[in-house]
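Geometric and topological summary
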Amino acid sequence: MTNVVSVRFKDGGKSYFFDPGKFEIKHGMFVIVETARGQEYGEVVADIRPIEDDKVVTPLKPVIRIATEADSKKQIENKEKERAAIKTCEEKILKHKIDMKLVDVEYTFDNSKVLFYFTADGRVDFRELVKELASVFKTRIELRQIGVRDEAKMIGGLGICGRPLCCSTFLSDFQPVSIKMAKEQGLSLNPTKISGTCGRLMCCLKYEQEAYDDLLRRVPGVDAIVRTPEGQGTVVSINLLKEQVKVRIDGETEVRMYKADDLEVIKKTKRKDNVENIAELKVLED
């Protein structure tokens, strides 16, 4: 077992393990840690705890010190520099007529590097831009192209639920989301209703999918042949959340309601795909 402390560098960002060393570190503190990019200022999001060695990426980087007042002041200054750098970079982009959109700028804590995050439809040649930015900021420059999901995470905003975006508040990683999830959850397959601010499928489709997968394993699909207390019949519709099934008994016109547990499946059927234009909707998954 190895003692670790979890540190996060951005709101809603991923947390990383560090070696706490001799420091008494508690949740909510700010610390200076050693990273692959150099020294960074981060927030402790979990108390020191032991974890299994196979879950630690070695060598484990150390906590250099608990952040001082001077460190906090420097972090605030870096944030002010980032706002100024955004304006400067946007001016340079217009000057060089590059088809790209600047999203965010990030200074490393020790100012050894400035990272510029941008989106673009394809590959862009920004070599001249990097040279000019390096001459302005007198430090290492890195331009990093990101996707629309990452853009939404950095900028933030409100979802259609009226709450702040999940990705910018508590989701540290993006989980795979598919059209199949929306279909199985009985949601409208209108792209405008199942896509988020970023234009891709809403991340919250993933939240309840395990429960739906479990229900789908236990509830027969439409057109399945089942045996009921009244005889054999065909499933005509289902209420997945209530685990109720409507069955038409062979030779009868009346439809009866049953609990899924009261039925014996004789013949399963492949669940119907009611997506009319799957090619169009697939774009939302990319």
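Quick caveat, the model's predicted, so the values are computed rather than measured.

A separate point is the pairing of strand 4 (residues 38–51). Here six bridges tie strand 1 (residues 2–8) to strand 4, and the two strands are oriented antiparallel to one another. Within strand 4, the position partnered with Thr2 by the bridge is Ile51. By the bridge criterion, six bridges tie strand 3 (residues 30–35) to strand 4 in an arrangement that is antiparallel. From the neighbouring strand, Val33 faces strand 4, where its bridge partner is Glu40.

Along helix 3 (residues 148–155), the residues classified as buried are Arg149, Glu151, Ala152 and Lys153. Elements that come into contact with the buried residues of helix 3 comprise strand 6 (101–107), strand 7 (113–119) and helix 4 (166–169). Two residues or fewer past helix 3, Gly156 is found with a positive phi of approximately 80 degrees.

Take the confidence of the model for the protein chain next. Regions with low pLDDT should not have their predicted coordinates read in detail. Confidence in the prediction for the protein chain averages 87 pLDDT; 94% of positions are at 70 or higher. Note that pLDDT drops below 50 for residues 273–278; the model gives that stretch eight contacts with residues more than four away or on any other chain.

Take the sheet that holds strand 7 next. Spatially, three strands are ordered 6-7-8 in an open sheet, and the strand pairing comes out mixed. Edge strands, defined here as strands with exactly one partner in the open sheet, are strand 6 and strand 8 (140–145). Strand-to-strand twist across the sheet, computed as the mean angle between neighbouring axes with direction ignored, equals 20 degrees. Examined bridge by bridge, strand 7 and strand 8 share six bridges and lie parallel to one another. Among the inter-strand pairings, Leu115 is bridged to a residue of strand 8, identified as Glu142. Packed onto the sheet, helix 2 (residues 127–137) meets strand 6, strand 7 and strand 8 and runs at close to 140 degrees relative to strand 8. Taken strand by strand, helix 3 contacts strand 6 and strand 7, and its axis lies near 60 degrees from that of strand 6.

Note on placement: Gln209 falls in helix 7 (residues 209–218). Assessed through its relative accessible area of 5%, Gln209 is described here as buried. Here the side chain of Gln209 touches Gln185 through a polar contact of 2.7 Å, side chain to side chain. Setting aside anything within four residues of it in sequence, one finds Gln209 in contact with Met181, Glu184 and Gln185.

Okay, the sheet that holds strand 11 (residues 244–249) next. With respect to topology, five strands assemble into an open sheet ordered 12-11-10-9-13, the strand pairing being antiparallel. Here the strands that pair on one side only, and so sit at the sheet edges, are strand 12 (255–259) and strand 13 (264–267). Sheet twist, expressed as the average angle between the axes of neighbouring strands with direction ignored, equals 45 degrees.

Under the defined criterion, the tally for this structure stands at six aromatic pairs. With a centroid separation of 6.1 Å and an interplanar angle of 35 degrees, the aromatic rings of Phe9 and Tyr16 are classed as tilted. For the pair Phe30 and Tyr41, a centre-to-centre distance of 5.4 Å together with 20 degrees between the ring planes defines the contact as stacked. Here the residue Phe30 occupies a position in strand 3, and Tyr41 occupies one in strand 4, the gap between them amounting to 11 residues. Through a chain of ring-to-ring contacts, three or more aromatic side chains come together here, namely Phe9, Tyr16 and Phe18. Cation over ring: Lys22 sits above Phe23, and NZ or CZ is 4.7 Å from the ring centre. Sitting over the ring of Phe109, Lys74 keeps its end group 4.9 Å from the ring centre.

Here the structure, examined in full by the defined rule, presents zero disulfides. Cys166 takes part in no disulfide bond, and the closest cysteine sulfur, belonging to Cys204, lies 6.0 Å away. Taking the relative accessible area as the measure of exposure, Cys166 reaches 23% and is therefore partly exposed.

Tracing the backbone through its elements, the reader meets Glu82 in helix 1 (residues 69–96). By relative accessible area, which is 9% here, Glu82 ends up buried. Every residue in contact with Glu82, bar those within four places of it in the chain, is listed here: Val105, Glu106 and Tyr107.

Reading the values: the criteria
- Residues numbered from 1 in each chain as written.
- Predicted model: local features only at pLDDT ≥ 70, side-chain atom pairs only at ≥ 80, totals over all residues.
- Heavy atoms only, no water.
- Pairing = 2+ DSSP bridges.
- Helix = DSSP H or I, 4+ residues; strand = E, 2+ residues; numbered from the N terminus.
- Buried < 20%, exposed > 50% of the residue type's maximum accessible area, 1.4 Å probe, protein only.
- Contact = heavy atoms within 4.5 Å.
- pLDDT = per-residue confidence, 0-100.
- Axes fitted to C-alpha atoms, helices over the stretch in contact; angles between N-to-C directions.
- Polar contact = N/O pair within 3.5 Å; in protein donor to acceptor, adjacent residues only side chain to side chain.
- Phe/Tyr/Trp six-rings, centres within 6.5 Å; stacked < 30°, edge-to-face > 60°.
- Lys NZ or Arg CZ within 6 Å of the ring centre and 35° of its normal.
- Disulfide = S-S within 2.5 Å.

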